[in-house]
Amino acid sequence: MPALTLREHHVTLKSKIPANVDDTVTLPVREYDGTKPSHTPKPVLMLHGRSVPALAAFDLAPVPGGSATRYSWAQELADDGYDVFLMDLQGSGRSPRPRMDDPCNANPTQQQALVPNPLQEPCPPPPPYPYQLGNSESEWAELDAVVKFIKGLPGRNKPIRFIGYSLGAAIMGSYTLQNPGNVESLLLLAPVFPPKGRWSGNPAAPFGRPAEAQTLPVSTPALTWGFPMHVGTKTGFRTGLDGNPALREPGIVDLAWEACMENDPLGSKWGPEVAPGEYEGILRYRNTYWWGWNDQTVPHQNPAGTRVLGERVPVLIVYGEQDRAANSPATLPDPVRFSVPALYAAVPGPEKLMFCLAGSGHTLVWELTAKVVHRMSKQWFKNGQVEGLGSGS
């Protein structure tokens, strides 16, 4: 098999995040170009979820001494002839993390995880920057900047295949509704979808800001939006996994954690010291106020009257049977009640297909089930079908 071409790009744009608005920022974008000789490039763009950065989610190495299972979805697709791009939004992975270097800007309810390193005790409220960090507008703008960068490369000025994982599905899905000409097809893995999620309430301008977010950044309620950064420990990372443990190789959780830490030179130095000069690390990720993705906006039509999702842009949804992050208890209040089947029901066009994988949880990218997801994605991008099916669930 020929070696893949690896390129590391840097996409610059004016930030839309209130904490560093109008600053020129750089988003690192990794590319695995598997385009075969004399073939036209087929670009794919992969977007991470809320807490796990792109390289840890989509480009994880095999478990040392484990099975031959390949967890790098990006390299798997590139081996199949695709030109694959992986991006991190601000506040995640290798991208800038405005206001996140100050540990006092962490969620006040999570600051005990930062004691005694880097904090001696939790900081008195409020945080120095008492607001959320990202928002739907800032993340749509960052996604759009990377899309335009890819389309500006030689031979790639064409619609792009999107892969959105977890909260990344919400960002890519709502972006696609507004920019269908940039997207060839949409693959949503373990997608976060609140049927009664926030939106403008105006059918004529469905992706405008909700009434409570007319002025950004948002700060209330304080323990929900009054801080820019969440933090998590390795123990919480491990215990938060759902799904059938038999689908996870021994060592995979440690490998995934190490990949997250490799993407964060500062966060990897926080947390308990496990050996002289070595630290367990703390997972840092953005606090984002998002909107425009619910059962009122998903049926959106373009000005010509064509339904965007399921007609203009085909949609494949894949999730785990035991996913408790993307399928939250029905007792949770709106807008934090999530349902993958409700997303499938909301997609209006006929070109929609959904699979529920038995025993799998939210982190399918790190399960043995990953190879099934890889195969499905190849079939979907090549044929618009999976296992001979083009629609249904």
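Residues numbered from 1 in each chain as written. Predicted model: local features only at pLDDT ≥ 70, side-chain atom pairs only at ≥ 80, totals over all residues. Heavy atoms only, no water.

The name recorded for the chain in an unreviewed UniProt entry is Alpha/beta fold hydrolase, from Streptomyces coeruleorubidus.

Undergrad: Which parts of the structure should I look at to understand the overall build of the chain?
TA: Of the regular secondary structure elements, the chain holds nine helices and 14 strands. Its C-alpha radius of gyration of 20 Å places the chain within 12% of the 21 Å reference for a compact globule of 393 residues. In the chain, buried positions account for 58% of the 393 residues. If you sum the accessible surface of the chain, you get close to 15500 Å²; carbon and sulfur atoms cover 53% of it. (Helix = DSSP H or I, 4+ residues; strand = E, 2+ residues; numbered from the N terminus. Rg over C-alpha atoms; globule rule 2.2 N^0.38 Å. Buried < 20%, exposed > 50% of the residue type's maximum accessible area, 1.4 Å probe, protein only. Areas by Shrake-Rupley, 256 points an atom, 1.4 Å probe, with all protein chains shown as cover.)

Undergrad: Please clarify how the nonpolar core should be interpreted in this entry.
TA: Soluble globular proteins tend to bury their nonpolar side chains together. Of all hydrophobic cores here, the largest spans 55 residues; its most connected members are Leu45, Met87, Leu143, Phe162, Trp293 and Leu309. It is helix H4 (residues 167-178) that contributes the most residues to this core, seven residues altogether. Counting residues in hydrophobic clusters, the runner-up holds 50 residues, among them Val52, Trp73, Val84 and Leu364. (Core = buried A, V, L, I, M, F, W, Y, C linked by side-chain atoms within 4.5 Å.)

Undergrad: Explanation requested: helix H9 (residues 370-383) in the structure shown.
TA: It helps to recall that an α-helix has 3.6 residues per turn; residues three or four apart then point in one direction. Relative to the 20 Å expected for 14 residues at 1.5 Å per residue, H9 spans 20 Å between its end C-alpha atoms, a close match to the ideal helical length. Restricting attention to buried positions, one finds in H9 the residues Ala370, Val373, His374, Met376, Ser377, Lys378, Gln379, Trp380 and Phe381. Next to the buried residues of H9 lie strand E3 (43-47), helix H2 (73-79), strand E6 (160-165), strand E7 (183-189), strand E13 (315-320) and strand E14 (352-357). Two residues or fewer past H9, glycine 384 is found with a positive phi of approximately 70 degrees. (Expected span 1.5 Å × (residues − 1). Contact = heavy atoms within 4.5 Å.)

Undergrad: Would you mind showing me how to read the layout of surface pockets here?
TA: It is the rolling of a water-molecule-sized probe over the atoms that shows where space remains empty. By volume, the largest pocket is sized at about 1100 Å³. For the lining of the largest pocket, the secondary-structure elements that each account for two or more residues are helix H5 (222-225), strand E8 (229-232), helix H6 (234-239) and strand E11 (283-286). Its residues placed into classes, the lining of the largest pocket shows 20 nonpolar, 16 polar and five charged. (1 Å grid on protein atoms, 1.4 Å probe; cavity = no way out; pocket = protein on both sides within 12 Å on 5 of 7 lines; lining within 4 Å. Points joined across faces, edges and corners; volume = space filled by probe spheres on them. Nonpolar A, V, L, I, M, F, W, Y, C, P; charged D, E, K, R; others polar.)

Undergrad: Looking at this structure, how should I read the state of the cysteines?
TA: Here is the idea: a disulfide is a covalent bond, and it sits between the sulfur atoms of two cysteines. In this structure the tally under the stated criterion is one disulfide. In this model cysteine 104 forms its disulfide with cysteine 123; the gap between the sulfur atoms is 2.0 Å. In this structure the cystine formed by cysteine 104 and cysteine 123 twists about its S-S bond by roughly -65 degrees; its chirality is therefore left-handed. With cysteine 104 in the loop between strand E4 (83-87) and strand E5 (134-135) and cysteine 123 in the loop between E4 and E5, this residue pair connects regions lying 19 residues apart in the sequence. (Disulfide = S-S within 2.5 Å.)

Undergrad: Would you take a moment to explain helix H3 (residues 136-151) for this structure?
TA: The end-to-end C-alpha distance of H3, which contains 16 residues, comes to 22 Å, matching closely the 22 Å that a straight helix rising 1.5 Å per residue would cover. For H3, every residue scored as buried is listed here: Ser136, Ser138, Glu139, Trp140, Glu142, Leu143, Asp144, Ala145, Val146, Val147, Ile150 and Lys151.

Undergrad: Please explain the packing of aromatic side chains as it appears in this structure.
TA: Each aromatic ring pair is characterised by the separation of its centres together with the angle its planes make. Inspection of every chain in the model, using the stated rule, returns 13 aromatic pairs. Between tryptophan 225 and tyrosine 289 the ring centres are 4.8 Å apart and the planes differ by 70 degrees, which places this aromatic pair in the edge-to-face class. Residue tryptophan 225 is located in helix H5, and its partner tyrosine 289 is located in strand E12 (residues 288-289); the two are separated by 64 residues in the primary sequence. Tyrosine 289 matches tryptophan 225 in its accessibility class, with the two residues each being buried. Among the aromatic residues, ring-to-ring pairing joins Trp140, Phe207, Trp225, Tyr289 and Trp291 into one connected group. It is lysine 42 that lies over the ring of tyrosine 82; its NZ or CZ is 4.3 Å from the centre. (Phe/Tyr/Trp six-rings, centres within 6.5 Å; stacked < 30°, edge-to-face > 60°. Lys NZ or Arg CZ within 6 Å of the ring centre and 35° of its normal.)

Undergrad: I keep staring at the packing of H3 against H4 and nothing clicks. Help me out?
TA: Relative placement of two packed helices is described by the angle separating their axes and the distance separating the axes. Put simply, H3 and H4 touch, their axes get as near as 10 Å, and they point 70 degrees apart. One element, H3, and the other, H4, form an angle in the roughly perpendicular class. Counted together, Glu139, Trp140, Leu143, Asp144 and Val147 of H3 and Ile171, Met172, Ser174, Tyr175 and Gln178 of H4 form the full contact between these two elements. Grouping the amino acids of the contact of H3 with H4 by side-chain chemistry returns six nonpolar, two polar and two charged. (Axes fitted to C-alpha atoms, helices over the stretch in contact; angles between N-to-C directions. Parallel < 35°, antiparallel > 145°, perpendicular 65-115°, else oblique.)

Undergrad: I'm lost on the pattern of salt bridges in this one. Help?
TA: A pair can form between side chains of opposite charge whenever their charged atoms are brought close. Counted by the stated rule, this structure contains 23 salt bridges. In this structure, a network of salt bridges that share partners links the residues Arg7, Glu31, Asp33, Asp83 and Arg156. (Salt bridge = Lys/Arg side-chain N within 4 Å of Asp/Glu carboxyl O.)

Undergrad: Help me understand the side chain of arginine 161 in this model?
TA: Note that arginine 161 resides in strand E6. Among all residues touching arginine 161, those that are not within four sequence positions of it are Lys42, Pro43, Val44, Leu45, Tyr82, Glu184, Ser185 and Phe381.

Undergrad: How do you make sense of the sheet that holds E7 when you look at a structure like this?
TA: Neighbouring strands of a sheet are bound in pairs by backbone hydrogen bonds; such pairs are parallel or else antiparallel. Spatially, the eight strands line up as an open sheet ordered E1-E2-E4-E3-E6-E7-E13-E14, and their pairing is mixed. Two strands lie at the open edges of the sheet, namely strand E1 (5-14) and E14, each paired on one side alone. Averaged over all adjacent pairs, the angle separating strand axes in this sheet is 20 degrees, with direction ignored. Relative to E6, E3 is paired through four bridges, and the arrangement is parallel. Each residue of the ladder has a partner; that of valine 44, found in E6, is arginine 161. Its contacts with the sheet place H3 against E1, strand E2 (24-33), E3, E4 and E6, and it is angled at close to 130 degrees to E1. Against the sheet, H4 makes contact with E3, E6 and E7, and its axis sits at roughly 145 degrees relative to E6, the strand it touches most. (Pairing = 2+ DSSP bridges.)

Undergrad: When you look at unusual backbone geometry in this model, what are you seeing that I'm missing?
TA: A negative phi angle is the norm for most residues apart from glycine, just as the trans form is the norm for most peptide bonds. In this chain, asparagine 117 is followed by proline 118 through a cis amide linkage whose omega measures 20 degrees. With respect to the helices and strands, the residue proline 118 is situated in the loop between E4 and E5. In this model, aspartate 334 is joined to proline 335 through a cis peptide bond whose omega is 5 degrees. Residues other than glycine seldom take positive phi values, yet serine 166 does so here, at roughly 60 degrees. Locating serine 166 in the fold gives a position in the loop between E6 and H4. In this structure, glutamate 387 is a non-glycine residue whose phi angle is positive, near 50 degrees. Position of glutamate 387 among the secondary structure elements: in the segment after H9. What makes glutamate 387 partly exposed here is its relative accessible area of 46%.

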